[in-house]
Amino acid sequence: MTGRRREDVIDQLSRVGDAGAAVEELLSQKSQTSFFTVELTLADIMAGLVEISGMEGGRSQREKIRVIQRLLSSASPLEGHYITAILLEDFRIGVGDGNLRDAIAQAFTVDPKLVEYANQVRNDMGEVSVLALSGEEALRSVRLVPFHPVRMMLARQGTISGVLGEGVRVAVEYKYDGARFQFHKQNGTCRMYSRRLEEVTSAMPDVVALLDGALPDDVIVDGEVIAVQDGRPMPFQMVLRRFRRKHNVAQAADAITMVPNLFDILYYNQEMLIDRPFIERREILTKVSSRYVTPQLVSGKEEEIEDYYHDALDAGHEGVMLKLLDSRYTPGVRGKDWVKIKPEADTLDLVVTGAEWGEGKRAQVFGSFLLSVRSNGRLVPISRVATGFSDEQLNWLFQTLQDDIIRKDGKMVYFEPRLVFEIGYSEIQKSPNYEGGYALRFPRFIEVREDKDIKEANTAEDVEERYILAHRPVNN
DNA sequence: ACTGGCTGCCC
DNA sequence: ATTCTGC
DNA sequence: GCAGAATGGGCAGCCAGT
């Protein structure tokens, strides 16, 4: 569309760090030499997007590219910027749900709290703004309906002592390492939705059948499915093999047993329950469901909760959730009403053997680093890390590592090994992608171990030992 | 029929 | 997921 | 305290290319 070489475009992208901005610059350079542009209308753009969304199968990528090329080549630089942003769903204009909510509230002179509430229930800002047009009463009267999933309530991280105050009692439940789901049933039909509200019913026929058997008609419940074997939870990777599968579902279901755990109910028998206190919802859930309701401890005693937490870890779960007893169900909100308690991260000292150029606000520095363990005198990659750095640290690392670069390959660079990072992680997992066969889950940068030589970094044997230790059967 | 690269979504 | 940053 | 940004491992699905 601009007559540029592929490499130039890639260069531009990595320099600017924002695809929309990069396209805008490329188009503005082009318009200096070419003045022949056809006027682009909103209808043209809409038609192009609709066309693209209907494409699939052989040669569909080529066709999609052709349509985008057509749009961009008749776009002004600014139009190109935002067409690109639309395509990538990446506007970077500082407008999120909160700003949109306030704008709708002001436009139709309604309480922003009601706009938020209606959006929580309906999960559709377009519909909500139409409701706002007819006034506050319309926003107030929104109702949950089966097969219209709502966003999940989310938890923040915390500590037991941080949650417990004077005379505070909380509900304590296991935190399962599986996939979140929302299950709807009405008129004998069942549907299951993922965290992003994708429908996963056909991937989970076994779980759907279990829930169908356990629940009455006309309900919406919230829970987590995990993979189990001999009564113990299986690694999260097993969940991934099942959760969104479309092909060979029966075979996978045969190989990997999934079990649902229910911990909330949002709707039952024509009645919306999200505004009721959590303890009431819990009571309804236990009455409504004959099985699969997650066990719960209600307590205000720190030691008792600690014990429950250690039981959860011993049973192979991630930790516990602490939930305030009088809290409402707030869809999509990561509030302080639900708090997750997980073990502190373990750490390893790893050798920095490579890095990759960053994007966006990291366009001028390395965005991630390749980490290795020592193994028989060699260095073997085990993970990358990209979080935990301050901007200042990223700048410093970029500069100090310049002299160590011994090889470049695309956006990757490789170093003469020198630095040791202390890296926090939640778990060591089997890896099909890393040579050593292990990788870290949720790696994060703690600090540069300037006191350590690479000869003092952790070894592949250390990693294996920790993996085995973590997966040994508990006996006490 | 297979592989490799990329995307989207689970955490 | 985790973490940092600007408001 | 919140929203936004940049990034992790790993899985299935999809498409291109052979």
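Note that the coordinates shown come from a computational prediction; the quantities given were computed from them, not determined experimentally.

Explain the nonpolar core here, please?
Side chains of a nonpolar character, in soluble globular proteins, are inclined to be buried together. Within the largest apolar cluster, 30 residues are counted, with the highest numbers of intra-cluster contacts made by Phe369 and Phe421. The contact partners of Phe421, leaving out residues within four places of it in the chain, are Leu348, Asp349, Leu350, Val352, Phe369, Leu371, Val385, Phe389, Leu397, Phe445, Glu447 and Val448. The next biggest cluster of nonpolar side chains, apart from the first, holds 29 residues, and it includes Ile220, Leu266, Tyr267 and Met321.

Would you mind going over the sheet that holds strand β1 (residues 154-157) with me for this structure?
Picture the strands of a sheet paired through backbone hydrogen bonds; they go either parallel or antiparallel. Read from one edge of the open sheet, 5 strands run β1-β11-β10-β2-β9, paired in mixed fashion. For this open sheet the edge positions go to β1 and β9 (297-299), each flanked by a neighbour on one side alone. Direction aside, the axes of adjacent strands within the sheet are offset by 40° on average. Of the strand pairs in this sheet, β1 and strand β11 (residues 334-341) are connected by 3 bridges, and their pairing is parallel. Considered in β11, the bridge of Leu154 is made with Arg334.

What should I look at first to understand helix α12 (residues 236-243) in this one?
What sets the pattern is the α-helix's 3.6 residues per turn: residues three or four places apart point alike. For α12, the set of buried residues is Met238, Val239, Arg242 and Phe243. One face of α12 carries all of its buried residues, which in axial projection span an arc of 125°. The secondary structure elements touched by the buried residues of α12 are β3 (179-186), β4 (189-194), α11 (205-214), β5 (219-229), α13 (249-255) and β7 (257-268).

I keep staring at the domain arrangement of chain A and nothing clicks. Help me out?
When the parts come together, some accessible area is lost, and that loss is often what is quoted as the size of the interface. Each domain of chain A was delimited in the assignment, giving domain 1 (6-88), domain 2 (97-140), domain 3 (154-341) and domain 4 (347-471). Distance between the C-alpha centres of domain 1 and domain 4: 37 Å. If you look at the interface, domain 1 gives 4 residues, while domain 4 gives 5 residues. When residues of domain 1 are sorted by the area they lose upon contact with domain 4, Ser14, Arg15 and Gly17 head the list and together hold 91% of the total.

Criteria and thresholds
- Residues numbered from 1 in each chain as written.
- Chains lettered and ligands numbered in written order.
- Predicted model: local features only at pLDDT ≥ 70, side-chain atom pairs only at ≥ 80, totals over all residues.
- Heavy atoms only, no water.
- Core = buried A, V, L, I, M, F, W, Y, C linked by side-chain atoms within 4.5 Å.
- Buried < 20%, exposed > 50% of the residue type's maximum accessible area, 1.4 Å probe, protein only.
- Contact = heavy atoms within 4.5 Å.
- Pairing = 2+ DSSP bridges.
- Helix = DSSP H or I, 4+ residues; strand = E, 2+ residues; numbered from the N terminus.
- Axes fitted to C-alpha atoms, helices over the stretch in contact; angles between N-to-C directions.
- Arc of directions from axis to C-beta.
- Domains from an automatic or database assignment.
- Buried area = accessible area lost by both parts, 1.4 Å probe.

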